[in-house]
Amino acid sequence: MPAAHDKRPASDAAVSAPQPPAAAYALPDARGYFGAFGGRYVPETLMHALEELTGAYARLAHDAGFQRQLATLLAEYVGRPTPLYFARRLSERCGGARLLLKREDLAHTGAHKINNAVGQVLLAQRLGKRRIIAETGAGQHGVATATAAALLGLECLVYMGSEDTRRQRMNVLRMHLLGANVVEVQSGSRTLKDAINEAIRDWVTNVATTHYVIGSAVGPHPYPMMVRDFQSVIGRETRAQALAGEGRLPDAIVACVGGGSNAIGMFHPFVGDAGVRLIGVEGGGLGLASGRHAATLCSGRAGVLHGARSYLMQDDDGQVLPTHSVSAGLDYPGVGPEHSHLRDSGRVEYTLATDEEALAALRTLSETEGIIPALESAHAVAHALKLAPQMQRDHALVVCLSGRGDKDLEIVEGLL
Amino acid sequence: MQPADSLGDRPAAALSETFAALRARGEMALMPFLTAGYPTRPAFLEHLRTVIDAGADLIEIGIPFCDPIADGPTIQHSSQVALENGARLRDILDDLAPLEPRVPLIAMSYLNPLIAMPRERLFERLRAAHVRGLIIPDLPADEATEWSAATREAGLCLALLAAPTSPDERLRLIGRAAAGFVYAVSLAGTTGARSELPPELPAFLRRVRAAAGLPVAVGFGISRAEQIRSLRGLADGVVVGSRLVEAIRRGEDVAALIAELKHAIRAPREGAGSARGG
């Protein structure tokens, strides 16, 4: 897909002064819409809680005490900033752009999910909610939420599809050690989609006492905005690190997209930088033609699931289609509404990497750099390996390495 | 019972006439819920006839959806079975079209199956299937502006949900955007039979009635005759869903269940004096 806004000459991208984000981009609007996508499509029971959450979040955005507390936790507990690492051997292997890895895998708990979990659990504490619930696919968000809840002394319950508890067993064990309860969800496809259904049902029932920490940039307003804001630390750091280390903004940035939280956090601070090409990589499973994939933006059409209007993998009758990806974190038929907007506006390009390509990329990165990426992140690496050779040697290509691969060793062992 | 032809050309009026006629008799509408296509497509149509003959005043037809976030295990299960039976919205509407139900039908569907069909065709086919109104559990008033206008224009009622967590301001918003009736959700939670209704329910129903200015149907959790008796004077209709779907699953006598619930609406309340008439 052509990037409609990407019309500036290449030389403009090399300016060393930071460009202010485009003033035109101030989404979502007051009703939670990113263009035609977003909104609040939830049972009435939740509407008042969403209004309260929106109000509280808006107040805390300007609350110096809250922001200081969050910044301190991100620095001292999460271990931020994470490095922007120049992968020399991998770059040489590709023979093109300089590959820079944003090392979210080095954050505490091993993935970017902790950025949002710490933010939202702090928020829950401010809201006076003592009970935290979350959904999880690969288990990284569940682990991150259980971690943040342990840190702040709140009760935590995590919904996880039984298909995912099976393929991400180590993360279930981690959540138990962190004092969280894990509920195996047996309904539907028994993956992330169904874990979200169950978490929403819990929230509808216990809304007075409970905060639902959504882990991806999905759900009803204000979640897609809030998750994006908490994850934007990834892109803000990357921007500053690229300018400091490379003397320029990156020429292109690649991130994997399931629901899309690491990608939106990485992309958002660059949306106004027209010279920076932004590319989201979806779970291509066995390939688009096979029908067994999770490439929502590459193949879906607009629909309503989990509280927002967004692209959705669905049949002609509006029933959600089963998905497949080797990576549990990408195995989801929906996508965050802001990604749908960025797709339709042409600002971000969306493509896919297949299971096979992701597994090969995982092996390549492990062997050349000594970094074992999560299967989710390996999809971004796979696309970067295709893109880098087409780019000039002095260009910088950033890959968001959203998580580490320890959780995936059992799956990889069976497939490599 | 009203003859079928009185429902024909003014579908929205059919709902208010039904509520008005019942109210004049001091009765609530008994509104059973059936999952379309459950346990099979033909058996669903049989149950529909049975429920009408046994005394239902309005019927809610649940259009199955794969991700029913407002529903508890009973309706999740019936929806899944119905989908496995191939009960797509268009098939359900085809199945309903030849019927001549003498009570109004209301379709309850999550938004996504509805928007999968072009809107004009959807409304035309709903009307042809004797559907007078829509309940869309994941379409709150804030998102309903367009649907509210389009359904009115098409002569259909969009009945919005009200919840115990809705402040009065939201209840007024709901009243303005809804048509036909307001569906008051009895408790914070999903659908499913409960042995007890929340003690705050009467106060909530009074709030809805005061703010919304439309007939009020109450649903979620209602399964027993004594619960229905306790609601007399507080609501204009009662929805019985999971209890009925569960009865179908277990092979219970559906006609007897509906007759028992209908009796609870009509028979004088035992014990303390009734707060009838509000």
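Residues numbered from 1 in each chain as written. Chains lettered and ligands numbered in written order. Predicted model: local features only at pLDDT ≥ 70, side-chain atom pairs only at ≥ 80, totals over all residues. Heavy atoms only, no water.

**Structural notes on unusual backbone geometry**
Here is the rule we go by: Under the DSSP-based scheme used, a helix requires at least four consecutive residues in state H or I and a strand at least two consecutive residues in state E, with every element numbered from the N terminus. A 1.4 Å probe rolled over the protein chains alone gives each residue an accessible area, and that area as a share of the maximum for its type sets the label: buried under 20%, exposed over 50%, partly exposed in between.
Residue Pro222(A) is reached from His221(A) by a cis peptide bond, and omega for that bond is 15°. Following the sequence through the fold, Pro222(A) ends up in the loop between strand 8 (210-213) and helix 9 (223-231). Residue Pro39(B) is bonded to the preceding Tyr38(B) through a cis peptide linkage, with omega at 0°. A positive phi angle, close to 55°, is found at His306(A), a residue other than glycine. Owing to a relative accessible area of 4%, His306(A) belongs among the buried residues under this scheme.

**Some words on the interface of chain B and chain A**
Here is the rule: Residue contacts are defined here by distance: any two heavy atoms, one from each residue, within 4.5 Å place the two residues in contact. Accessible area that two parts lose when put together, with a 1.4 Å probe and added across both, is what the buried area reports. Each reported salt bridge corresponds to a side-chain nitrogen of Lys or Arg within 4 Å of a carboxyl oxygen of Asp or Glu. Three classes are used: nonpolar for Ala, Val, Leu, Ile, Met, Phe, Trp, Tyr, Cys and Pro, charged for Asp, Glu, Lys and Arg, and polar for all others, with Gly counted as polar.
The interface is formed by 35 residues belonging to chain B together with 33 residues belonging to chain A. Taken together, the two surfaces of chain B and chain A that pack against each other cover about 2800 Å², and 50% of this comes from carbon and sulfur. On the surface where chain B and chain A come into contact, there are six salt bridges. A salt bridge links Asp67(B) to Lys193(A); the shortest N-O distance between them is 2.7 Å. Here the element with the most residues in the side of chain B that touches chain A is helix 5 (residues 111-115) of chain B; it accounts for four residues. For the side of chain B that touches chain A, the per-class residue count stands at 21 nonpolar, six polar and eight charged.

**Re the pattern of salt bridges**
It is possible for side chains bearing opposite charge to pair when their charged atoms get close. Counted by the stated rule, this structure contains 50 salt bridges over all chains. With its nearest N and O atoms 3.3 Å apart, the salt bridge here joins Arg126(A) to Asp63(A). In this pair, Arg126(A) sits in helix 4 (residues 113-127) while Asp63(A) sits in the loop between helix 1 (44-61) and helix 2 (64-78), placing the two residues 63 residues apart along the sequence. For Asp344(A), the salt bridge goes to Arg343(A), with nearest N and O atoms at 3.1 Å. Three or more residues joined by partner-sharing salt bridges are found here, namely Arg25(B), Glu27(B), Asp57(B), Lys262(B) and Arg266(B).

**Re the nonpolar core**
Buried together is how nonpolar side chains tend to be arranged in soluble globular proteins. Note the cut-off: Definition of nonpolar core: a set of buried residues of the types Ala, Val, Leu, Ile, Met, Phe, Trp, Tyr and Cys, connected through side-chain atoms within 4.5 Å.
Core analysis: the largest hydrophobic core is formed by 104 residues, its most contacted members being Leu48(B), Ile59(B), Ile61(B), Leu96(B), Trp147(B) and Phe181(B). Excluding its chain neighbours within four sequence positions, the residues that come into contact with Phe181(B) are Leu15(B), Phe19(B), Met31(B), Ile106(B), Ile135(B), Ala159(B), Leu160(B), Leu214(B), Pro215(B) and Ala217(B). In terms of nonpolar packing, the next biggest core, distinct from the first, is built from 96 residues, Trp203(A), Val218(A), Tyr223(A) and Tyr311(A) among them.

**So, the sheet that holds strand 8 of chain A**
Residue and element names in this part refer to chain A. Heads up, the rule is: By definition, two strands form a pair when at least two bridges between them are found by DSSP. Lines fitted to C-alpha atoms define the axes, with helix axes restricted to the stretch in contact, and inter-axis angles between N-to-C directions lie between 0 and 180 degrees.
The strand order across the open sheet built from four strands is 7-6-5-8, with neighbouring strands paired in parallel fashion. One side of each edge strand has no neighbouring strand; the edge strands of this open sheet are strand 7 (181-185) and strand 8. Averaged over all neighbouring strand pairs, the angle between strand axes comes to 25°, with direction disregarded. Contacts from helix 4 reach strand 5 (131-136) and strand 8, with the element oriented near 165° to strand 8. Running at roughly 165° to strand 5, helix 5 (residues 140-152) makes contact with strand 5, strand 6 (155-161) and strand 8 of the sheet.

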